[in-house]
Amino acid sequence: MKALEEKILREGQVYPGGVLKVGSFLNHQIDVPFMVEMGREFHRLYKDEKITKILTIETSGIAIAVMCAAEFGVPVVFAKKHQTKNLTNDCYVTPIHSYTHGNDYEARVEKQFLNAEDRVLIIDDFLANGAALDGLIDIIKQSGAHCVGCGIAIEKVFQQGGARIREQGIRVESLAMIGEMTEDGQITFAE
Ligand code: 5GP
């Protein structure tokens, strides 16, 4: 998606450790019309797949997932990163290692929101080493639902998650694919 690449070049900031900050439109402030465009693009890519649910993980995946779900006319389920009082114990639970925070946590989805009849599209903001996607794929497996594929806003191809997940036969569509990011802020997109 050319418009996303241009926005990354204009507004993205490269942080140490291969982290891209896109707080002006995705990770802090949300550019709503732009999210609508991303939702439309995911719909264009997956429109024939009879999707029944969009699955994401809090927090930054939610905005894109909501726009995408509006296009498909289906609900969004977002995995929660904390066990809270308003969450029942009847959950699918999976361990995830956070790339940006460097810690481990458990992601949870209440069983009532995913079942074996569902055809699920996973949406997330970034794909780096693939731990978040591994966790969401595991939750879908536990539920018996079918994972149709993944829709990612920004994939960092210099990390291995995308290649590893595609090798498993899972479709991954990324709207921008970063091939290289240098310490001085240069960003190059993969072909
Ligand atoms: P992974 O699990 O694939 O290693 O990392 C994906 C998750 O980590 C995403 O859900 C995203 O929240 C976060 N993440 C990974 N890399 C970046 C990055 O470069 N910038 C931002 N803002 N988040 C990232």
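Residues numbered from 1 in each chain as written. Predicted model: local features only at pLDDT ≥ 70, side-chain atom pairs only at ≥ 80, totals over all residues. Heavy atoms only, no water.

Peer 1: What am I meant to see in helix α5 (residues 131–143) here?
Peer 2: Owing to its 3.6 residues per turn, the α-helix aligns residues three or four sequence positions apart on the same side. Under the 1.5 Å per step criterion, the end-to-end length of α5 is 19 Å for 13 residues, consistent within 8% with the ideal 18 Å. Buried within α5 we find Leu133, Gly135, Leu136, Ile137, Ile139, Ile140 and Ser143. (Helix = DSSP H or I, 4+ residues; strand = E, 2+ residues; numbered from the N terminus. Expected span 1.5 Å × (residues − 1). Buried < 20%, exposed > 50% of the residue type's maximum accessible area, 1.4 Å probe, protein only.)

Peer 1: Help me understand the side chain of Lys53 in this model?
Peer 2: Of note, Lys53 is situated in strand β3 (residues 53–57). A distance of 2.9 Å separates the side chain of Lys53 from the backbone oxygen of Phe113, its partner in a polar contact. Ignoring anything within four residues of it in the chain, the contact list for Lys53 reads Val74, Pro75, Val77, Phe113, Leu114, Asp118, Arg119, Val120 and Leu121. (Polar contact = N/O pair within 3.5 Å; in protein donor to acceptor, adjacent residues only side chain to side chain. Contact = heavy atoms within 4.5 Å.)

Peer 1: Got a minute to help me understand the site of the ligand in this structure?
Peer 2: The local shell around the ligand holds 16 residues, among which Leu20, Ala128, Asn129, Gly130 and Lys156 are the closest. One of the side-chain nitrogen or oxygen atoms of Asn27 is found 2.8 Å away from a nitrogen atom of the ligand. Where the shell around the ligand is concerned, the elements lending two or more residues are β2 (19–21), β7 (119–127) and α5. Here the element with the most residues in the shell around the ligand is β7; it accounts for 4 residues. Considering only residue class, the shell around the ligand consists of 8 nonpolar, 5 polar and 3 charged. (Near = heavy atom within 4 Å. Nonpolar A, V, L, I, M, F, W, Y, C, P; charged D, E, K, R; others polar.)

Peer 1: What is the right way to read the layout of surface pockets from this model?
Peer 2: Gaps left between atoms are located by rolling a probe of water-molecule size over the structure's atoms. Considered as a void within the structure, the largest pocket measures approximately 890 Å³ in volume. Lining of the largest pocket is provided by 32 residues; of these, Lys81, Ser98, Thr100, His101 and Asp125 occupy positions nearest its centre. Among the elements of the structure, β2, α2 (23–27), β5 (91–97), β7 and α5 are those that each provide at least two residues to the lining of the largest pocket. Broken down by element, the lining of the largest pocket gets its largest block of residues, 4 residues, from β7. The residue inventory of the lining of the largest pocket, partitioned by class, reads 13 nonpolar, 13 polar and 6 charged. One number sums up the size of the second largest pocket: a volume of about 170 Å³. (1 Å grid on protein atoms, 1.4 Å probe; cavity = no way out; pocket = protein on both sides within 12 Å on 5 of 7 lines; lining within 4 Å. Points joined across faces, edges and corners; volume = space filled by probe spheres on them.)

Peer 1: Is there a simple way to explain the packing of aromatic side chains in this structure?
Peer 2: Aromatic ring pairs: the centre-centre distance and the angle between the two ring planes describe each pair. Applying the stated criterion to the full structure yields 1 aromatic pair. Relative to Phe34, the ring of Phe25 lies with its centre 5.9 Å away and its plane at 80 degrees, an arrangement referred to as edge-to-face. Phe34 matches Phe25 in its accessibility class, with the two residues each being buried. Residue placement shows Lys7 over the ring face of Phe34; its charged tip is 5.1 Å from the ring centre. Stacked on the ring of Tyr46, the Lys or Arg Arg171 has its end atom at 4.1 Å from the ring centre. (Phe/Tyr/Trp six-rings, centres within 6.5 Å; stacked < 30°, edge-to-face > 60°. Lys NZ or Arg CZ within 6 Å of the ring centre and 35° of its normal.)

Peer 1: Hey, could you run me through the sheet that holds strand β9 (residues 172–181) in this one?
Peer 2: Within a sheet, neighbouring strands are paired by backbone hydrogen bonds and run either parallel or antiparallel to one another. The 6 strands lie next to each other as β4-β3-β7-β8-β9-β10, forming an open sheet whose pairing is mixed. Since the sheet does not close on itself, it has two edges, and those belong to β4 (76–79) and β10 (187–189), each with one partner. Neighbour-to-neighbour, the strand axes of the sheet open up by a mean angle of 30 degrees, direction not taken into account. Direction of pairing for β3 relative to β4: parallel, over a ladder of 4 bridges. Along β4, the bridge assignment pairs Leu55 with Val77. (Pairing = 2+ DSSP bridges. Axes fitted to C-alpha atoms, helices over the stretch in contact; angles between N-to-C directions.)

Peer 1: I'm lost on helix α4 (residues 61–72) in this one. Help?
Peer 2: Its 12 residues give α4 an end-to-end C-alpha distance of 16 Å, which sits within 8% of 16 Å, the value for a rise of 1.5 Å per residue. Those residues of α4 that are buried lie in contact with α2, α3 (32–46), β3, β4, β7 and β8 (146–156).

Peer 1: What is the right way to look at the side chain of Asp118 in this model?
Peer 2: Mapped onto the fold, Asp118 is located in the loop between β6 (104–110) and β7. Accessibility expressed as a relative area gives 7% for Asp118, which makes it buried. When near neighbours in sequence (up to four residues on either side) are disregarded, Asp118 contacts Thr52, Lys53, Phe113, Ala145 and His146.

Peer 1: What is the right way to read the pattern of salt bridges from this model?
Peer 2: For the coordinates displayed, the defined rule picks out 14 salt bridges. Notably, a salt bridge pairs Glu11 with Lys7, separated by 3.1 Å at the nearest N-O pair. Pair noted here: Glu11 and Lys7 are both in helix α1 (residues 2–11), with a separation of 4 residues, about one helical turn. Given a relative accessible area of 27%, Glu11 falls into the partly exposed group. On the accessibility criterion, Lys7 (7% relative accessible area) is buried. As a salt-bridge pair, Glu41 and Arg44 come within 2.7 Å of each other at their nearest N and O atoms. (Salt bridge = Lys/Arg side-chain N within 4 Å of Asp/Glu carboxyl O.)

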